[in-house]
Amino acid sequence: SRPHGGPTHRLNLMRACLTSTHATRVASTLPHALRRLTRGASRPRVPSRPAAMPIVAAASTSTELVSVGELLSTCVDAALKGCDEIRAVQERRAGTGALSSTRKDADDPRSALTEADTNAQMAIVDALRATWPGLRIVGEEDEHEHDGGAAGKTRDALRADLIRADTPDASEWNEPMDALTVFVDPVDGTREFVEGRLGAVQCLIGVACRGRAVAGAIGLPFPDGSLEHETSVVWGVARPGRAAGESGVAGAPRATPPPLGEKNGATCVTGDSTNASLAAARVVADCATNAVIGGAGNKILAVAEGRAEIALMHFGTSLWDTCAPEAVLRARGGKVTDLFGAPLTHDPERPGGGLINDLGVLATASGSSLKEKDARGRDHGAIAAEMRADPTLVALLAPYSGPSGADDAAFAAQASDVARCLDGSPLRVGEVGRAIASTLCGGDEPGTLLRYSAPESTAIRGLMSDAVRLELAWGDPGAAGMPSTAFYKRVKLGDLEYARTKAVTQPMKIARDVKSAGVEAAFLACSEVTSALAAANVRVPRCFRAELRPNAEDPIESAFALVLEDFAPNNGWHQERLLDPAQARATLSTLARMHATFTAAASAARNDRGALLASLERAVWPAGAYWQPDMQPASQMTTVAAIWRDRHLPAFREAFQACLPAEVDVETLGERLQAVAADAGASSHPFGLDQPSGAETGGAFAKWRTLIHGDAKAANVFLRASPDMPEGVEVGLIDFQWMGFGLGVVDAAHVIAASVDPETLGFADGDAEGSFRLSREGSGGFDEGAAPALFAHYYDEFIHASVANGAAGSEEEARRTWPFEEASAQYDAAILDFSRVVFGYQWVRVGASPASLAAAADSYNKNSYNKSLPNAMWLVRECDAALRRRRAA
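All residue numbers refer to positions counted from 1 along the written sequence of the respective chain. Only residues with pLDDT of at least 70 get local features here, since the model is predicted, and only at 80 or more are side-chain atom pairs given and counted; chain-wide, interface and lining totals rely on the full set of residues. Side-chain calculation: all heavy atoms of the structure are included, whereas hydrogens and water are not.

K.L.:
Go over the overall build of the protein chain, please, and point to the residues and values.
P.N.:
Of the regular secondary structure elements, the protein chain holds 29 helices and 26 strands. The cut-offs for exposure are 20% and 50% of the maximum accessible area for each residue type, with area from a 1.4 Å probe on protein chains only; residues under the lower value are buried, those over the upper are exposed, and the others partly exposed. Looking at the protein chain residue by residue over its 889 residues, the buried ones come to 58%. Any two residues whose heavy atoms approach within 4.5 Å are treated as being in contact. Sequence separation of 24 or more characterises 73% of the internal contacts of the protein chain that already satisfy a separation of 6 or more. In these tables, accessible area is a Shrake-Rupley quantity obtained with a 1.4 Å probe, and a residue counts as shielded only by the protein chains included in the view. Taken as a whole, the protein chain presents about 33,300 Å² of accessible surface, with 51% of it coming from carbon and sulfur. Comment: elements are numbered from the N terminus, with helices defined as DSSP H or I runs of at least four residues and strands as E runs of at least two.

Right, here's the structure in full:
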């Protein structure tokens, strides 16, 4: 047997997950745009493309690295210099009583422009450009930066060590320069400055990394509202996805002003806008005190300093208003999003978004501080969820999702934080409509998509991805033939704290997870493969649009988005917590047809010179299934015995005694499983993940090599009644992240071990948890032949499908080519290999016990052995039986 899961394998997996080599392989399957993955581009932008064609953006390839800590230090120093310019203007004003100012918008006092703005901008931008040549800087007063009296001044060098002692983490954090953007608002609160409300005036310099605010300096030229005290600069830095970071104060010490509200209730700070939507947001915030203060940065700083719990901002703030204060607040444990809970995207090149936060701003204090003060104990997410349920606020989405219609059903809360493109803006109705029409109609548009809705009730917010059903309203003509729903799935791991943490604590697994998302997108976008599946009557969702943004240099920054055909309830589709006998047989039949389609013999019968298999190989894993040894820590092979002895035996001892027949040797099961784990893993997954093992084209396993689903659990199976199907059930498969080459029997064993209900395994209908016994003498009489009959059904269906597609001339020939005895040996190895990951990892992760299984009984996403005691006991018995058969052989 070949070795699995060693250190070299793990390192190679991390490197292989999104390397240029893999990008080249994918590029030849998906359209030519993917070839850019190996060439690179400085600032990639996604062009408009026909629907169902994958859109791929190249990652940055700059090798010039910048210390984020040093960059922040220079921003702090630049803020001090900008504040000097502001104070100088105020000093002249105090002496003469005059201030030169204009309005960029004659009707808007908030658009005031003074010499303080232009002078401060020049002082800041000139110094930053001199210190960081090539750094992208976006300033509010860019078009005015050469006006005013600061022109021609010699700028002192900015200090890169100003806050080094206080930023040990940020000082070790380096990013490519072209991943960074500095946003400058030289005078935030210009209106307040003109009106003499100096305490609200700030100088903001923020650093965004790939669109996320990560570092900021808030200069306070008038800390106490006058010239009496010198400038203070409040700064903060937090890595993407982190719950908090590093923060401090430079310049003069900062005496925090008193709270703005009552001690025993939450305080919300807003401006004096009379906008109806902002008024609605204040109602949702439901704070004891609503304080009106000026300046965007001033509002968020009030939250960061604990003087308020919530800040709401209108729909005209710009990226330079929010970048620096968001970073400061995040560094102190707070959170900033738009009103609907989606991250602000600080990228001046975001498509269609411009530089305006057009969906407002919601800033909140750290979770514990907010929940203590909020009257209903809400955190940021809960408040944003209520914003998404407010009709007045949801109306703000109309420019993106389309206007509501007179015949629309009653208003429903929207998952508007999920229905976002990869650049952060809401999905645009026109793009969604064109993608679907192009796929279904070959570019001819039978009707226009008028609007879509993303009901909150259909949203899935996972640890590694988000998804939502899109309800579609089409205009005539031709709307009758268009789908009423679509399914949108979005993977953007870089925004998720869980994924960021996992990247540090489990780098092999996060690299694996990133590539898995790319595999699913590439598979669904491969029309040759999905067409072959349709011809075999294997139902997978059609892909209307696939956007792929792999990043080989920093895998967690990869992003993927899919608009898919929806297995919707209004079309008869549903899911089951676990599969009953008919549903299990139908699922195994579907998998058998898929497996028969992609064997080498089927390829030869197609006489396509291997073209279909070649397309498949470029889209999916070389070896499928998430639990294969090469995708798991090597320690699983050597710790199963101790884990079984120390954790599972004590947790399940009473259940073992009550439910298992005496011949099941639970005391030594862990030791026996560990002794064969490596060999069982190699037998179940004989094909190479990083490089070919040789089994692909030679040896006993080559003829069995085919496409496998890799995670065929009940949650990934949709069902609907169909009198035309043998079992009366049609099956639709979803979630193809672990799809790759393998042994079809492994999929079948997974369905039996993880996806079916107790009755399907042979338990009498109605057996209560804990009142059954896995023997004929037990309650109701356990049917030992039920599971073997399921496997025999799968084998027979594979044989029938192989004859039907020409891989064999008759059933007799097919059974000689793929003998049942070999399939049975593969089944035993698959059960042992799967038991290794269940006992050695999954049960440890969930703290498995009879009580935990009972608590999870109603879960749809958990596998059977994690939510059903009969299924768990069956797996233990089947593992013991497979070990006995192996020893006897």
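K.L.:
Quick one: what's the story with the pattern of salt bridges, residue by residue and with numbers?
P.N.:
Side-chain pairing between opposite charges can occur once the charged atoms of the two side chains come close. Think of a salt bridge as a Lys or Arg side-chain nitrogen and an Asp or Glu carboxyl oxygen that are within 4 Å of each other. One pass over the full model with this rule turns up 52 salt bridges. Among the salt bridges present, the one from Asp608 reaches Arg606, with a minimum N-O distance of 3.6 Å. In this structure, Asp679 and Arg886 form a salt bridge, with 2.2 Å as the shortest nitrogen-oxygen distance. Note that Asp679 is positioned in helix H22 (residues 669–684) and Arg886 in helix H29 (residues 869–888), a separation of 207 residues in sequence.

K.L.:
Any chance you could break down the packing of aromatic side chains for me, citing the residues and the numbers?
P.N.:
For Phe, Tyr and Trp, where Trp contributes only its six-membered ring, two rings pair if their centres lie within 6.5 Å, and the inter-plane angle classes them as stacked under 30 degrees, edge-to-face over 60, or tilted in between. Enumeration according to the criterion identifies 21 aromatic pairs in this entry. Between Trp621 and Trp738, the ring centres sit 6.0 Å apart and the planes meet at 20 degrees, which makes this aromatic pair stacked. In this pair, Trp621 sits in the loop between helix H20 (611–617) and helix H21 (636–659) while Trp738 sits in the loop between strand S25 (729–733) and strand S26 (740–743), placing the two residues 117 residues apart along the sequence. The pair Trp621 / Trp738 is uniform in exposure class, with both members buried. When the centroid spacing of 5.0 Å and the interplanar angle of 55 degrees are considered together, the rings of Phe763 and Phe782 count as tilted. Taken together, the positions of Phe763 in the loop between helix H24 (758–761) and helix H25 (786–804) and Phe782 in the loop between H24 and H25 put the pair 19 residues apart, joining distant regions of the chain. For the pair shown, Phe763 and Phe782 are each scored as buried. An aromatic cluster is present here, built from Trp621, Tyr626, Trp627, Trp738, Phe834 and Tyr865 joined pairwise through their rings. Positioned above the aromatic ring of Phe193 is the side chain of Arg93, whose terminal nitrogen or guanidinium carbon lies 5.4 Å from the ring centre. Ring-over charges, as used throughout, are those where CZ of Arg or NZ of Lys falls within 6 Å of the ring centre and within 35 degrees of the ring normal. Taking NZ or CZ as reference, Arg705 lies 5.8 Å from the ring centre of Phe687, over its face.

K.L.:
Give a detailed account of the side chain of Thr74, specifying residues and quantitative values.
P.N.:
With respect to the helices and strands, the residue Thr74 is situated in helix H3 (residues 68–96). For Thr74, a relative accessible area of 1% puts it in the buried group. In contact with Thr74, other than residues within four places in its own chain, are Leu128, Thr131, Trp132, Leu158, Arg159 and Ala160.

K.L.:
Can you explain the packing of H25 against helix H27 (residues 820–846)? Please cite residues and give values.
P.N.:
Between H25 and H27, the shortest axis-to-axis distance is 11 Å and the interhelical angle comes to 130 degrees. One element, H25, and the other, H27, form an angle in the oblique class. Judged by the twist between their axes, the crossing of H25 over H27 is right-handed. Of the residues in H27, those touching H25 at Phe791, Ala792 and Tyr795 are Phe820, Ala823, Ser824 and Tyr827. All axes are obtained by fitting lines to C-alpha atoms, using only the stretch in contact for helices, and the reported angles, taken between N-to-C directions, cover 0 to 180 degrees. Here roughly perpendicular refers to angles of 65 to 115 degrees, roughly parallel to angles under 35, roughly antiparallel to angles over 145, and oblique to all remaining angles. Should the near helix be turned anticlockwise from the far one by less than a right angle, the crossing is termed left-handed; should it be turned clockwise, right-handed.

K.L.:
Give a detailed account of helix H15 (residues 497–505), specifying residues and quantitative values.
P.N.:
Among the residues of H15, Ala499, Arg500 and Lys502 are the ones counted as buried. Buried residues of H15, viewed axially, fall in a sector of 160 degrees; they line one side. Exposed positions of H15 whose direction lies more than 90 degrees from the buried face are Val504 and Thr505. To obtain the arc, one takes the directions from the helix axis to the C-beta atoms.

K.L.:
Break down empty space enclosed by the protein for me, with residues and values.
P.N.:
Detection works on a 1 Å grid of protein atoms alone, calling trapped sets that fit a 1.4 Å probe cavities and calling open sets with protein on both sides within 12 Å along at least five of seven lines pockets, with lining residues defined by an atom within 4 Å of a point. Grid points are joined across faces, edges and corners, and a volume is the space filled by probe spheres set on the points. For the coordinates displayed, the defined rule picks out eight cavities of 30 Å³ or more. Reported here for the second largest cavity is a volume of approximately 160 Å³. In terms of lining residues, the second largest cavity is bounded by 17 residues, among which Asp338, Arg350, Asp358, Arg420 and Gly424 are the most central. Charged residues are taken to be Asp, Glu, Lys and Arg, nonpolar residues to be Ala, Val, Leu, Ile, Met, Phe, Trp, Tyr, Cys and Pro, and polar residues to be all remaining types, Gly included. Per-class residue counts for the lining of the second largest cavity are six nonpolar, six polar and five charged.

K.L.:
So, H27: which residues are in play, and what are the values?
P.N.:
The span you would expect from a helix comes to 1.5 Å times its residue count less one. Between its first and last C-alpha, H27 extends 36 Å over 27 residues, near the 39 Å set by a 1.5 Å rise per residue. Note that the bend at a residue is defined as the angle between axes fitted to the seven residues ending at it and the seven residues starting at it. Maximal helix bending in H27 amounts to about 40 degrees, located at Val838. Two residues or fewer after H27 comes Gly847, characterised by a positive phi angle close to 60 degrees.

K.L.:
Tell me what's going on with the nonpolar core, and back it up with residues and numbers.
P.N.:
Residues grouped as a nonpolar core are buried Ala, Val, Leu, Ile, Met, Phe, Trp, Tyr and Cys residues, joined through side-chain atoms within 4.5 Å. Counting residues in each nonpolar core, the largest one holds 126 residues, and the members touching the most others are Phe598, Phe839, Trp843, Trp874 and Val876. Sorting elements by how many residues they give to this core places H27 first, with ten residues. Ranked by size, the runner-up nonpolar core spans 46 residues in total, among them Ala127, Ala170, Val182 and Phe222.

K.L.:
Requested: an account of the sheet that holds strand S10 (residues 232–237), with residues and values cited.
P.N.:
Strand order in this open sheet of six strands is S5-S7-S8-S9-S10-S11, and the pairing throughout is mixed. Each end of this open sheet is capped by a strand with a single partner; those strands are strand S5 (136–139) and strand S11 (246–251). Mean inter-strand twist for the sheet, computed between neighbouring axes without regard to direction, equals 15 degrees. Between any two strands, pairing holds if DSSP finds at least two bridges. Alignment of strand S7 (residues 180–188) against strand S8 (residues 202–209), held across seven bridges, turns out to be antiparallel.

K.L.:
Provide a residue-level description of the layout of surface pockets, including the pertinent values.
P.N.:
Rolled over the atoms, a probe sized like a water molecule indicates the empty space that remains. If you add up the space inside the second largest pocket, you get close to 1,200 Å³. Surrounding the second largest pocket, 44 residues form its lining, Lys335, Gly341, Pro343, Asp495 and Leu496 being those nearest its centre. Sorting the residues of the lining of the second largest pocket by element identifies strand S9 (212–220), helix H9 (319–331), strand S15 (335–337), helix H10 (367–373), helix H11 (380–388), strand S20 (485–492) and H15 as the ones contributing at least two each. Take the lining of the second largest pocket: its biggest share by element is four residues, from H11. When grouped by side-chain class, the residues that make up the lining of the second largest pocket number 16 nonpolar, 14 polar and 14 charged.

K.L.:
Help me get a handle on the side chain of Ser755, residues and values and all.
P.N.:
For Ser755, the position within the fold is in the loop between helix H23 (744–754) and H24. Given a relative accessible area of 1%, Ser755 falls into the buried group. Within the structure, the side chain of Ser755 is placed 3.3 Å from the backbone nitrogen of Ala714, a separation counted as a polar contact. When sequence neighbours within four positions are dropped, the list of residues in contact with Ser755 reads Leu578, Leu579, Ala712, Lys713, Ala714, His750 and Ser864. N or O atoms within 3.5 Å of each other form a polar contact, as long as, within protein, one can give a hydrogen and the other can take it, and as long as residues adjacent in sequence are counted only when both atoms are side-chain atoms.

K.L.:
So what's going on with unusual backbone geometry? Residues and values would help.
P.N.:
For Arg210, which is not glycine, the phi dihedral falls at a positive 50 degrees. Turning to its location among the elements, Arg210 is positioned in the loop between S8 and S9. You can call Arg210 partly exposed: its relative accessible area is 28%. Look at Asp735: it is not a glycine, yet its phi comes out positive at around 60 degrees. Tracing the backbone through its elements, the reader meets Asp735 in the loop between S25 and S26. On the basis of relative accessibility, which here comes to 19%, the residue Asp735 falls in the buried class.

K.L.:
Break down the state of the cysteines for me, citing the residues and quoting the values.
P.N.:
Defined by distance alone, a disulfide is two cysteine sulfur atoms within 2.5 Å. Applying the stated criterion to the full structure yields zero disulfides. The cysteine Cys83 is free of any disulfide, with Cys203 supplying the nearest cysteine sulfur at 4.8 Å.

K.L.:
Before we move on, could you go through the pairing of strand S13 (residues 289–292) and cite the residues and values that matter?
P.N.:
Taken residue by residue, a regular strand's side chains alternate between the two faces of the sheet. Side chains Thr289 and Ala291 project from S13 onto a buried face, and the interleaved Asn290 and Val292 project onto a face without burial. Note that strand S12 (residues 267–270) and S13 share four bridges and pair parallel. Bridge pairing in S13 links Cys268 to Asn290. Considered for its hand, the β-α-β crossover made up of S12, helix H7 (residues 276–285) and S13 is right-handed. A crossover counts as right-handed when, viewed with the strands pointing away from the observer, the path leading from the first strand over the helix to the second turns clockwise.

K.L.:
I'd like to hear about the sheet that holds strand S16 (residues 361–364), residue by residue, with values.
P.N.:
Overall, mixed pairing links the five strands, which are arranged S13-S12-S14-S16-S15 in an open sheet. The open sheet has two edge strands with one neighbour each: S13 and S15. Across the sheet, the mean angle separating the axes of adjacent strands is 20 degrees when strand polarity is ignored. As paired elements, S12 and strand S14 (residues 310–313) share two bridges and run parallel to each other.

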